[in-house]
Amino acid sequence: MKILVCITHVPDTTTKIKFTNGDTQLDANGVQFIAGPYDDYALSRAIELKEQFGASLTVLNVGTAETEPTIRKALALGADDAIRIDAEPTDAYFVAEQIAHICKQNNYDLILMGRESIDFNGGQVHGIVGEMLGVPSLSPIMKLDLEGNVAKMAREIEGGKEYLEAKLPLVLGCQEPIAEWKIPNMRGIMSARTKPLQVITPANPQELTKSVRFELPPAKGACKMIPADQADTLIDLLKNEAKVL
Amino acid sequence: MSVLIFVETAEGKAKSSSLEAVAYGAKVAEMLGTSATALVLGDAQDLEGLGGYGANKVLHVADSRLNAGVIQAYGNVIAQAVEKENAQVLVVAKSALADTVAARVAGKLKAGLASNVVALPDLSNGFVVRRSIYTGKAFANTAVTSDKKILAIKKNIYTVTVTDAKASVESFNANLSDADFGVSITSTEKATGTVSLPEANLVVSGGRGLKGPENWGVIEDLAKALGAATGCSKPVSDLHWRPHHEHVGQTGVKVSPNLYIAVGISGAIQHLAGVNSSKCIVVINSDPEAPFFQAADYGIVGDAFQILPKLIEAAKAKL
Ligand SMILES: Cc1cc2nc3c(=O)[nH]c(=O)nc-3n(C[C@H](O)[C@H](O)[C@H](O)COP(=O)(O)OP(=O)(O)OC[C@H]3O[C@@H](n4cnc5c(N)ncnc54)[C@H](O)[C@@H]3O)c2cc1C
């Protein structure tokens, strides 16, 4: 079995977002970058499946050279090798096309990624890749088991979940609780240094969207405090002052 | 040319977020000087009524295999409808289903997809939309440069006015093959009789401060008195006090209701990421230093178990 996990390289969830260069760029000063938390769930489940069934596990990132520590961490967690498509991942269609291009050469059985990146929150790449490969794409997947070449899955829907079955190959956007996040051990970190990381130039680069300017939300006004013994007045305030009831 | 709006249904009725999408799409059509077509899949009621939200026409694919949200089949039908209507813009209301389906359509039609759109497009210089990014911490103004464009709009961003206009209904036979149904849905588990969290205008959410699942009665009673959905923080769903679909935040459901009441939630940045586009936030917490108060409009410092019964009583008396 061949598994591909696609990871993003994004600001840590605690980052205070700021922009620079006339609000056209993220101010990366002091920002800690990580693999997206959803991607981490996908990778964690892929590692478990590799342990259970035996598989080759490749990680892929579309990004510039700065993303290599994030890729090395994925190798330290248990991926066998890595591919970096050397480009700024600015548009979902562009990223999906790069991934699909690699998939067409390698015939992966499972292509896993996070349900969405936490920078642009698009949640599009798995769907576009699925379409480009002509295979099903499903998201958000919260449970994944394999029986032969059939995947048994749970997908979150509004107010619950649906259970699904489909033949491989599949493209899946993952979320918790598909697996527990893993922490690399010393042996993993040492071996990651020598695992193959292939750098490839992008194929057929084209973008369909382009972000021209970023903005921060307006500052929040002060919080109106209500004494605990007058808690019941909150309902009046919500009804007559905030007008939300 | 036209604007096509995909209307998602639940038990045959258009979801409120989709009605908002119809109104939004009708406005975009007006801005572009064209007409708005709503697309409904599977068994559905009151199709003419979508005219009240601005749709000129409703395309209905009455194929009962589409009663369940089969992602590949939906993507295929919507792409065919885009072609049939020669739609320049496709509008969907963001949801777990619509996001995935819109992505398939984007791949099929080579259409630029802007997600989490929070305002009408600016047509003064190309086609630029404002969208929420970094899980609500910022906005991007994004130009969609492809011929065909897809907008996935966030809930509660467009004011809907309803008229009694009726839309004409046309049935549409899309070409579907068995391959479109290659994924089988073996069973579904769904909470019934409660307000759906992503669709809710009002949300009451509880955190670890409630101490245990046995104490959720006050959250449910307040939600019931207000007609609100219930939510929770991540540790609460990790501990299985509440089901995962109630988990709000960075790694859970992102909500944008008119009112979000947070009870016993500290306000970690990852939780705030899921609620920061709420119109009004109320925080109830025993710790006056809880970071959530900085993101709140109204706050009460005190013990949830003393405060909530008073709120439930007041809500029952006054609403
Ligand atoms: C990558 C990543 C992603 C994450 N994603 C999410 C996410 O999506 N959603 C999320 O919620 N968290 C998320 N977290 C976790 C987040 O950092 C916090 O740990 C979590 O939100 C805390 O939950 P809590 O506020 O319920 O619990 P706590 O932080 O333990 O807070 C409990 C609060 O209850 C108050 N309290 C206690 N007793 C009472 C009482 N009797 N009455 C009133 N108040 C009381 C306390 O003062 C405290 O403020 C994520 C973390 C990481 C690292």
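Each value, and the rule that gives it
- Residues numbered from 1 in each chain as written.
- Chains lettered and ligands numbered in written order.
- Predicted model: local features only at pLDDT ≥ 70, side-chain atom pairs only at ≥ 80, totals over all residues.
- Heavy atoms only, no water.
- Contact = heavy atoms within 4.5 Å.
- Buried area = accessible area lost by both parts, 1.4 Å probe.
- Salt bridge = Lys/Arg side-chain N within 4 Å of Asp/Glu carboxyl O.
- Polar contact = N/O pair within 3.5 Å; in protein donor to acceptor, adjacent residues only side chain to side chain.
- Helix = DSSP H or I, 4+ residues; strand = E, 2+ residues; numbered from the N terminus.
- Nonpolar A, V, L, I, M, F, W, Y, C, P; charged D, E, K, R; others polar.
- Buried < 20%, exposed > 50% of the residue type's maximum accessible area, 1.4 Å probe, protein only.
- Phe/Tyr/Trp six-rings, centres within 6.5 Å; stacked < 30°, edge-to-face > 60°.
- Pairing = 2+ DSSP bridges.
- Axes fitted to C-alpha atoms, helices over the stretch in contact; angles between N-to-C directions.
- Domains from an automatic or database assignment.
- Expected span 1.5 Å × (residues − 1).
- Near = heavy atom within 4 Å.
- Areas by Shrake-Rupley, 256 points an atom, 1.4 Å probe, with all protein chains shown as cover.

1. A look at the interface of chain B and chain A
(1) Moving on: Each partner contributes to the interface: chain B provides 86 residues, whereas chain A provides 80 residues.
(2) Moving on: If you sort the residues of chain B by the area they bury against chain A, Arg104(B), Tyr134(B) and Tyr298(B) come out on top, with a joint share of 11%.
(3) Moving on: Between the two partners, chain B and chain A, sit eight salt bridges.
(4) Moving on: Notably, a salt bridge pairs Arg104(B) with Glu131(A), separated by 2.8 Å at the nearest N-O pair.
(5) Moving on: Inspection of the chain B/chain A interface yields 49 residue pairs in polar contact (both at pLDDT 80 or more).
(6) Moving on: The element that contributes the greatest number of residues to the side of chain B that touches chain A is helix α3 (residues 96-109) of chain B, accounting for nine residues.
(7) Moving on: A breakdown of the residues in the side of chain B that touches chain A according to their chemical character gives 36 nonpolar, 32 polar and 18 charged.

2. Looking at the pattern of salt bridges
(1) Moving on: Using the criterion set out here, one finds 32 salt bridges over all chains in the structure.
(2) Moving on: Two residues, Glu116(A) and Lys254(B), come together in a salt bridge whose shortest N-O distance is 3.5 Å. You can see Glu116(A) sitting in the loop between β8 (110-114) and α4 (125-133) and its partner Lys254(B) sitting in the loop between α5 (234-238) and β15 (259-263), one on each of two chains.
(3) Moving on: For Glu116(A), a relative accessible area of 8% corresponds to the buried category.
(4) Moving on: Here Glu215(A) ties to Arg130(B) by a salt bridge, and the two come within 2.3 Å at their closest N and O atoms. Of this pair, Glu215(A) sits in strand β14 (residues 209-215) while Arg130(B) is found in strand β8 (residues 128-133), placing the two residues in two different chains.
(5) Moving on: What makes Arg130(B) partly exposed here is its relative accessible area of 23%.
(6) Moving on: In the salt-bridge network here, residues are joined through shared partners; they are Arg45(A), Glu48(A), Lys143(A), Asp145(A) and Lys182(A).

3. Quick word on the packing of aromatic side chains
(1) Moving on: Throughout the structure, instances matching the rule amount to eight aromatic pairs over all chains.
(2) Moving on: Ring geometry for Phe120(A) against Tyr134(B): centres 6.2 Å apart, planes inclined by 45°, an arrangement best described as tilted. Taken together, the positions of Phe120(A) in the loop between β8 and α4 and Tyr134(B) in the loop between β8 and β9 (138-144) put the pair across two chains.
(3) Moving on: A centroid spacing of 5.9 Å and a plane angle of 85° characterise the contact between Phe6(B) and Tyr74(B), whose relative ring orientation is edge-to-face.

4. As for the sheet that holds strand β15 (residues 224-225) of chain A
(1) Moving on: One open sheet accounts for six strands, arranged β15(A)-β17(B)-β16(B)-β15(B)-β13(B)-β14(B); its pairing is parallel. Taken across any chain shown, the strands that pair with only one partner, and hence form the sheet edges, are β15 of chain A together with β14 (229-232) of chain B.
(2) Moving on: Note that β15(A) and strand β17 (residues 298-301) of chain B share two bridges and pair parallel. Paired with Lys224(A) across the bridge in β17(B) is Tyr298(B).
(3) Moving on: The strands touched by helix α6 (residues 233-241) of chain A within the sheet are β15 of chain A together with β15, β16 (280-285) and β17 of chain B, with β17(B) carrying the most contacts at an inclination of about 175°.
(4) Moving on: Packing against the sheet, helix α7 (residues 304-318) of chain B makes contact with β15, β16 and β17 of chain B, and its axis sits at approximately 135° to β16(B).

5. Thoughts on the domain arrangement of chain B
Residues and elements named next belong to chain B.
(1) Moving on: Domain annotation of chain B identifies domain 1 (2-181) and domain 2 (202-317).
(2) Moving on: Here the C-alpha centroids of domain 1 and domain 2 sit 32 Å apart.
(3) Moving on: Between domain 1 and domain 2, the contact holds six residues from the first and 10 residues from the second.
(4) Moving on: Of the roughly 660 Å² buried between domain 1 and domain 2, counting both surfaces, carbon and sulfur atoms make up 39%.
(5) Moving on: Among the residues domain 1 hides against domain 2, the three largest losses belong to Thr135, Lys137 and Asn156. Together they make up 71% of the total.
(6) Moving on: On inspection of domain 1 and its partner domain 2, the count reaches zero salt bridges.
(7) Moving on: Our count for the domain 1 to domain 2 interface comes out at eight residue pairs in polar contact (both at pLDDT 80 or more).

6. Side note on helix α1 (residues 37-53) of chain A
Residue and element names in this part refer to chain A.
(1) Moving on: A rise of 1.5 Å per residue sets the reference length of α1, with its 17 residues, at 24 Å; its end C-alpha atoms lie 24 Å apart and thus fit the reference within 8%.
(2) Moving on: When you tally the buried positions in α1, you get 12 out of 17 residues, the bulk of the element.
(3) Moving on: Buried residues of α1: Pro37, Tyr38, Asp39, Asp40, Tyr41, Ala42, Leu43, Ser44, Arg45, Ala46, Ile47 and Leu49, and no others.

7. Re the site of the ligand
(1) Moving on: In the vicinity of the ligand, 27 residues are found, and the nearest of them are Ser233(B), Ser266(B), Gln270(B), His271(B) and Asn285(B).
(2) Moving on: The environment around the ligand is built from residues contributed by chains A and B.
(3) Moving on: Backbone polar atom of Ser286(B) to a nitrogen atom of the ligand: 3.2 Å apart, as the coordinates give it.
(4) Moving on: Between Ala304(B) and the ligand, the recorded distance is 2.9 Å, taken from a backbone N or O atom to a nitrogen atom.
(5) Moving on: About the coverage of the ligand: the protein hides 79% of its 1,000 Å² of free accessible area.

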